[in-house]
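Architecture at a glance
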Amino acid sequence: MLRQLASLTLHQPWIKKAAVTLPGVRDLAWRFVAGEDLEAALGAVRTLNARGIKATLNYVGTHVRTEPEAVAAADAALESLRRIAQQRLDANVSVKLTHLGLDISEDLCRAQLRRVLDGARQGGGFVRVDMEESAYVERTLRMFEDARETHGNDTVGIVLQSYLRSRRGDLDGLVAAGARVRLVKGGYWEAAAVVYRKRADIDAAFLGDIDRLVARGRHPAIATHDTNAIHHACRVAADAGLERRALEFQMLYGVRPALQAALVRDGYPVRAYVPYGSRWYEYVLGCIRRLPGGALRQLGERLGERRRSDEGWGGGCP
Ligand SMILES: Cc1cc2nc3c(=O)[nH]c(=O)nc-3n(C[C@H](O)[C@H](O)[C@H](O)COP(=O)(O)OP(=O)(O)OC[C@H]3O[C@@H](n4cnc5c(N)ncnc54)[C@H](O)[C@@H]3O)c2cc1C
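My aim in this report is to walk through the structure given alongside it, one point at a time. From a predicted model like this one, the values you see are computed outputs, not experimental measurements.

**Examining the layout of surface pockets**
Considering only enclosed or pocket space, the second largest pocket measures out at about 220 Å³ in volume. R31, A44, T47, L48, R51, I53, Y253, G254, P257, Q260, A261 and A272 together form the lining of the second largest pocket. At the level of secondary structure, the elements contributing two or more residues to the lining of the second largest pocket comprise α4 (38-50) and α11 (257-265). Its residues placed into classes, the lining of the second largest pocket shows seven nonpolar, three polar and two charged.

**Some thoughts on the sheet that holds strand β4 (residues 156-161)**
The strand order β1-β2-β3-β4-β5-β6-β7-β8 describes a closed barrel built from eight strands, whose pairing is parallel. Taking each pair of neighbouring strands and ignoring which way they run, the sheet shows an average axis angle of 30°. One ladder, built from three bridges, connects strand β2 (residues 91-95) with strand β3 (residues 127-129); its direction is parallel. Its bridge partner being in β3, S94 is matched across the sheet by R128. Sitting on the sheet, helix α7 (residues 137-151) is in contact with β3 and β4, with an inclination near 155° to β4.

**Details of the site of the ligand**
Taken together, 23 residues surround the ligand, and among them M131, K185, G186, T224 and H225 come closest. Interatomic distance of 2.9 Å between a backbone N/O atom of G187 and an oxygen atom of the ligand. Note that an oxygen atom of the ligand is positioned 2.6 Å from one of the side-chain N or O atoms of T224. Contact with the protein chains hides 85% of the accessible area of the ligand, taken as 930 Å² for the molecule alone. For the shell around the ligand, the elements supplying multiple residues, two or more each, are β4, β5 (181-184), β7 (248-252) and α14 (299-307). Residues of the shell around the ligand, tallied by class, amount to nine nonpolar, six polar and eight charged.

**Brief notes about unusual backbone geometry**
Positive phi, close to 50°, is recorded for R88, a residue that is not glycine. Judged by its relative accessible area of 76%, R88 falls in the exposed class. Its identity as a non-glycine residue notwithstanding, R256 has a phi of 50°, on the positive side. By the secondary structure assignment, R256 is in the loop between β7 and α11.

**Describing the packing of helix α9 (residues 199-216) against helix α10 (residues 227-239)**
Contact pair α9 / α10: the axes reach a minimum separation of 9 Å and the direction vectors enclose 30°. Remark: the crossing between α9 and α10 carries right-handed chirality. Counted together, F206, L207, I210, D211, V214 and A215 of α9 and N228, A229, H232, A233, V236 and A237 of α10 form the full contact between these two elements. In terms of residue class, the contact of α9 with α10 is built from nine nonpolar, two polar and one charged.

Calculation criteria
Residues numbered from 1 in each chain as written. Predicted model: local features only at pLDDT ≥ 70, side-chain atom pairs only at ≥ 80, totals over all residues. Heavy atoms only, no water. 1 Å grid on protein atoms, 1.4 Å probe; cavity = no way out; pocket = protein on both sides within 12 Å on 5 of 7 lines; lining within 4 Å. Points joined across faces, edges and corners; volume = space filled by probe spheres on them. Helix = DSSP H or I, 4+ residues; strand = E, 2+ residues; numbered from the N terminus. Nonpolar A, V, L, I, M, F, W, Y, C, P; charged D, E, K, R; others polar. Pairing = 2+ DSSP bridges. Axes fitted to C-alpha atoms, helices over the stretch in contact; angles between N-to-C directions. Contact = heavy atoms within 4.5 Å. Near = heavy atom within 4 Å. Polar contact = N/O pair within 3.5 Å; in protein donor to acceptor, adjacent residues only side chain to side chain. Areas by Shrake-Rupley, 256 points an atom, 1.4 Å probe, with all protein chains shown as cover. Buried < 20%, exposed > 50% of the residue type's maximum accessible area, 1.4 Å probe, protein only. Left-handed = near helix turned anticlockwise from the far one by under 90°.

On their own, these measurements won't tell you what the molecule is for.
Okay, here's the thing in structure tokens:
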């Protein structure tokens, strides 16, 4: 029911507007979204940095249909890179290619990505290309490869999703090329022919990918709130003789803050993904829509869990 409602709202602007005026929705949203503008997001980054947590800024939006919207998304990324450099914040930026116009034309999207990466390189910044629905994976990887060639591994990185059945080879290729990879389980509700759907299968694929990325990857980044996977990554890193500061954990802003703090205390770099922007409700509703049935039922539990201080993390990494 909750997912149906969220799905409906995504395609009905008037329902969206009504939904965001509901007091409960706004209160819930501000736990997970930094605010409606860059100023608020930079404030959130400063607070995170003061706690030893790095940040990734993301101007919320996807699937734009007009060129001005794609240009505006690139402008927003450029402005956040500029302000990050100016304020010397410990932060980088994530972009989604459908926000930069991939649904309109590859040329438009490529031009916007190039603008963003030029800005990043100029200011010594870093841009991560988020991975979206499976229909975009091939084109995203192709564009990332081109971007890596023109701008280098220190300016642009990528996200790989472990739940994809047919892309098991991507990780080894990118690791061998020195690409900077953020590894995730995968965040979209897709057909069973395309992705693993069972939690056990997704987790097994994720742990296997962690083995390969942590042991051999350059600046490996594991994005998860799953303590089992985090423990596993810590063990793999220790076995490979990696220093703790070489293994980055990434989590969503507002999710499991005590776990984030505990990892920082243990000496691991932690980065929070900080969404902001006037379309914040798409992020919040999109999260609900993408949650599989079981996870949806756990949403209440999760929110409760966030308030607990131990957050399921007892440290204990080797
Ligand atoms: C920094 C970051 C960047 C990401 N980028 C992408 C991307 O580019 N492309 C993509 O497809 N996916 C992305 N994802 C989403 C990812 O693919 C997963 O869908 C998401 O992280 C949930 O999986 P999990 O690894 O946390 O494990 P799960 O097994 O889903 O969750 C483990 C536990 O963490 C807690 N938890 C998980 N999520 C939440 C939440 N939202 N709120 C509260 N508690 C929660 C719950 O207690 C849960 O039991 C990103 C995730 C993060 C953290």
